[in-house]
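# Structural characterization, general
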Amino acid sequence: MEKPYETNKSASLEANEPAVAYKTTPQYPEDLSTEIPEGYMSLDSFGELFHKKLDDCYANLQSNCKQ
């Protein structure tokens, strides 16, 4: 009776993966416009809005716990 698998294969010491050519690509496009995009919010204004909403949520939680 024959075995359904091969046992005579020699184990390769290195991976048989294709060589990859690594290139350095710029992370940002070179033609950056200086215009502020529509819907842009500065980090400071976002922080103020975020903390205001967070404070409102905490106030709502505290008022719900007192009931």
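See the structure above.
Description of the structure in this document.

## Details of the overall build of the protein
Helix and strand counts for the protein stand at one helix and zero strands. The proportion of buried residues among the 67 residues of the protein is 0%.

## Focus on a nonpolar patch on the surface
Residues Met41, Leu43, Phe46, Leu49, Phe50, Leu54, Tyr58 and Leu61 make up a contiguous nonpolar surface patch of roughly 800 Å² in combined accessible area. For Leu54, a relative accessible area of 31% translates into the label partly exposed.

## Description of the packing of aromatic side chains
One pass over the structure, following the stated rule, counts one aromatic pair. Ring plane angle 25 degrees and centroid distance 6.1 Å describe the contact between Phe46 and Phe50, whose orientation is recorded as stacked. Taken as a pair, Phe46 and Phe50 lie in helix 1 (residues 43-66) at a separation of four residues, close to a single helical turn.

Reading the values: rules and limits
- The numbering scheme is per chain: residues are counted from 1 as the chain's sequence reads.
- This being a predicted model, a pLDDT of at least 70 is required before a residue's local features are given, and a value of 80 or more before pairs of side-chain atoms are given or counted; all residues contribute to the totals for chains, interfaces and linings.
- As a rule here, side-chain values cover all heavy atoms of the structure and leave hydrogens and water aside.
- Numbering of helices and strands runs from the N terminus, with a helix taken as a DSSP run of H or I at least four residues long and a strand as a DSSP run of E at least two residues long.
- Exposure categories follow from relative accessible area, calculated using a 1.4 Å probe and restricted to protein chains: below 20% of the type maximum is buried, above 50% is exposed, and the middle band is partly exposed.
- The patches reported here contain residues having more than 30% relative accessible area and no salt bridge. Joining distances are 9 Å for like charges and 5 Å for nonpolar side chains (Val, Leu, Ile, Met, Phe, Trp, Tyr).
- The Shrake-Rupley method, run with a 1.4 Å probe sphere, supplies the accessible areas, and residue values consider only the shown protein chains as cover.
- Criterion for a salt bridge: a side-chain nitrogen of Lys or Arg within 4 Å of a carboxyl oxygen of Asp or Glu.
- Only rings of Phe, Tyr and Trp enter the pairing, Trp through its six-membered ring, and a pair is recorded when the two centres are within 6.5 Å. The plane angle decides the type: under 30 degrees is stacked, over 60 is edge-to-face, the rest tilted.

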